[in-house]
Amino acid sequence: MKAMKLFIEQSDDYDNDAEITIRCGMTDERLESIIAHIRLQMFSVSGTKDGEVRVLPLGDILYFESIDERTFAYLQSDVYECAMKLYELEAQLEKANFVRISKSCIVNILKLDSVRPLPGSRYEATLENGEKLIINRHYLPAFKSKFGI
Amino acid sequence: MQWKKWFSQFFTIICTSFTVIMLLYAGLAEWMDAALTVTRVFGLFGICAMVALLIFLTDFIPFKTRQTRLAVNFLDVCIAVFGFGGDILKIVPFSRPIVLTVLGMSCAAYVGVIAIMFVNEQIAANDINRKLSEMKKR
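To start, this report covers the structure provided alongside it.

Basis of the calculations
- The numbers attached to residues start from 1 for each chain and follow its sequence in the written order.
- Throughout, the order in which chains and ligands are written sets their labels, letters from A for the former and numbers from 1 for the latter.
- In keeping with the model being predicted, local features are shown solely for residues with a pLDDT of at least 70 and side-chain atom pairs are shown and tallied solely at 80 or more, while totals for entire chains, interfaces and linings include all residues.
- With hydrogens and water stripped out, all remaining heavy atoms of the structure feed into the side-chain values.
- In this text, helices come from DSSP runs of H or I with a minimum length of four residues, and strands from runs of E with a minimum of two, each type numbered from the N-terminal end.
- Three exposure classes are used, based on accessible area relative to the maximum for each residue type with a 1.4 Å probe and protein chains only: buried under 20%, partly exposed in between, and exposed over 50%.
- In what follows, residue pairs with any heavy atoms lying within 4.5 Å of each other are defined as contacts.
- For the accessible areas, the method is Shrake-Rupley and the probe is 1.4 Å, while residue cover comes only from the protein chains on display.
- Joining two parts hides part of their accessible area as seen by a 1.4 Å probe, and the buried area is that hidden amount summed over both.
- Take a side-chain nitrogen of Lys or Arg and a carboxyl oxygen of Asp or Glu: if they are within 4 Å of each other, that pair is a salt bridge.
- As used in this structure description, the phrase polar contact means that two N or O atoms lie within 3.5 Å; if the pair is within protein, one of them must be able to donate a hydrogen and the other to accept it, and residues adjacent in sequence are counted only when both atoms belong to side chains.
- Throughout, the ten residues Ala, Val, Leu, Ile, Met, Phe, Trp, Tyr, Cys and Pro are labelled nonpolar, Asp, Glu, Lys and Arg are labelled charged, and all others, Gly among them, are labelled polar.
- Any two strands are treated as partners once DSSP identifies two or more bridges connecting them.
- Only the stretch in contact is used when a helix axis is fitted, and all axes are lines through C-alpha atoms; the angle between N-to-C directions ranges over 0 to 180 degrees.
- For any pair of crossing helices, the crossing counts as left-handed if the nearer helix is rotated counterclockwise from the farther one by less than a right angle, and right-handed if it is rotated clockwise.
- Here a pair means two rings of Phe, Tyr or Trp (six-membered ring of Trp) with centres within 6.5 Å. Their orientation is stacked below 30 degrees between planes, edge-to-face above 60, and tilted elsewhere.

## A word on the overall build of chain B
Tallying secondary structure elements over chain B gives 4 helices and 0 strands in all. Listed N to C, the secondary structure of chain B is α-α-α-α in terms of helices and strands. Seen through its C-alpha atoms, chain B measures out along the principal axes to roughly 65 × 30 × 25 Å. Counting over 138 residues, chain B shows a buried share of 41%. By sequence separation, contacts in chain B at least 24 residues apart represent 64% of the contacts at least 6 residues apart. For chain B, the accessible area works out to roughly 8,400 Å², and carbon and sulfur atoms hold 72% of it.

Next up, the structure:
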């Protein structure tokens, strides 16, 4: 494992937008993980609930689900409707800790508690809040590759 | 990477089905009055490879129900066993008791393959669960 240096420059000269630059040779598993975490914190989606629009930090989202051409973001105990389509979210979140697990669902792998195989090459994923999602066979290779398998 | 996974899955299906078929054939050879010749061994391997190839290819079809998938898999087995093994290689005769026995053997091989694949998935799931707990510790 290569050594890593962390420099933080804090000054009143900078405006409110923080800038992150990573200087490296080859990226390793640890660095990839850090980058994925940064991406997760950098992006956010807006969601609507009871007419109120809120910015949802990606780190709080358990999964996105598309129902009847509407997209919903599921948090620990809240559900928000998002304006973005599932395929748009998939493209945006490809490099973050999100992965498509079925035709209608994108899950945050950091919010997974465990997985177990089901007959027919499918998995059942249990989320931190105890909810269970099915990972379909056609999305299984992409899901496994998120874990380097 | 994806090709490695596909090849590994393909190879596992062939090896498992061939082992089950060979064991069943050895057990039933006397009753079926069909000696296990070198040609027949290679022929059976060819049938197993054909079944694996057909299942592998039809797996890309996005079936809506598991029942449809099972029906198509059964069709794959029948095409490989009776089409390839019967019509082309001529090692599966079309007499009623033999057809029923061969279908039984094919089903046993199919169940064997499903069982092995499930064990493989269990190993992969354990690996994922281990990585998930490592990620949470970070």
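Resuming the write-up.
## Considering the interface of chain A and chain B
Between chain A and chain B, the contact holds 27 residues from the first and 21 residues from the second. Three residues, Pro117, Phe147 and Ile149 of chain A, lead the burial of chain A against chain B; their summed loss comes to 28% of the area buried on that side. Here chain A and chain B share 1 salt bridge between them. Here glutamate 121 of chain B ties to lysine 144 of chain A by a salt bridge, and the two come within 2.8 Å at their closest N and O atoms. Here chain A and chain B share 4 residue pairs in polar contact (both at pLDDT 80 or more) between them. When contributions to the side of chain A that touches chain B are tallied by element, the ones reaching two or more residues are α1 (29-42), β8 (112-118), β9 (122-127) and α3 (140-145) of chain A. Broken down by element, the side of chain A that touches chain B gets its largest block of residues, 7 residues, from β8 of chain A. Taken together, the residues of the side of chain A that touches chain B break down into 13 nonpolar, 6 polar and 8 charged.

## A word on the sheet that holds strand β10 (residues 132-135) of chain A
Residues and elements named next belong to chain A. Pairing is antiparallel across the open sheet formed by 3 strands, whose spatial order is β8-β9-β10. The two strands at the open ends of the sheet, each matched to only one other strand, are β8 and β10. Across this sheet, the average inter-strand angle for adjacent strands is 25 degrees, counted without regard to direction. Sheet topology note: the β9/β10 ladder contains 4 bridges and is antiparallel. Paired with alanine 125 across the strands is leucine 133, a residue of β10.

## A look at the packing of helix α2 (residues 38-58) of chain B against helix α3 (residues 66-88) of chain B
Residues and elements named next belong to chain B. At a minimum axis separation of 9 Å, α2 and α3 run at an interaxial angle of 145 degrees. When the axes of α2 and α3 are compared, the crossing they make is right-handed. Of α3, the residues touching α2 (which contributes Gly46, Ile47, Met50, Val51, Leu54, Ile55 and Thr58) are Val72, Asn73, Asp76, Val77, Ile79, Ala80, Val81, Phe84 and Gly85. Split into classes, the residues belonging to the contact of α2 with α3 amount to 11 nonpolar, 4 polar and 1 charged.

## What about the pairing of strand β2 (residues 52-57) of chain A?
Residues and elements named next belong to chain A. Note: strand β1 (residues 44-49) against β2, 6 bridges, orientation antiparallel. Opposite valine 45, over in β2, you have leucine 56 as the bridge partner. Between β1 and β2, which pair antiparallel one after the other, the connecting turn spans 2 residues, and aspartate 50 there sits at a positive phi close to 50 degrees.

## Thoughts on the packing of aromatic side chains
Evaluation of the coordinates by the stated rule reveals 6 aromatic pairs over all chains. Seen from their ring centres, phenylalanine 64 of chain A and phenylalanine 98 of chain A are 5.7 Å apart, and the 45 degrees between their planes marks the pair as tilted. Taken as a pair, phenylalanine 64 of chain A in strand β3 (residues 63-67) and phenylalanine 98 of chain A in strand β6 (residues 98-102) lie far apart in primary sequence, 34 residues in all. Summarising the burial analysis for this pair, phenylalanine 64 of chain A and phenylalanine 98 of chain A share the class buried. The interplanar angle of 20 degrees and the centroid separation of 5.8 Å between the aromatic rings of phenylalanine 7 of chain B and phenylalanine 11 of chain B together place this pair among those described as stacked. Placement of both phenylalanine 7 of chain B and phenylalanine 11 of chain B in helix α1 (residues 2-32) is noted, with a separation of 4 residues, approximately one turn of the helix.

## Considerations on the pattern of salt bridges
Here the structure, examined in full by the defined rule, presents 8 salt bridges over all chains. The salt bridge partner of lysine 111 of chain A is glutamate 128 of chain A, with a shortest N-O separation of 3.9 Å. One end of the pair, lysine 111 of chain A, is in the loop between β7 (105-108) and β8; the other, glutamate 128 of chain A, is in the loop between β9 and β10, with 17 residues separating them in the sequence. Overall, the relative accessible area of 16% leaves lysine 111 of chain A in the buried class. Note on glutamate 128 of chain A: relative accessible area 38%, which makes it partly exposed. Two residues, arginine 130 of chain B and aspartate 127 of chain B, come together in a salt bridge whose shortest N-O distance is 2.5 Å. Of this pair, arginine 130 of chain B and aspartate 127 of chain B are both found in helix α4 (residues 96-137), 3 residues apart, which corresponds to roughly one turn of the helix.

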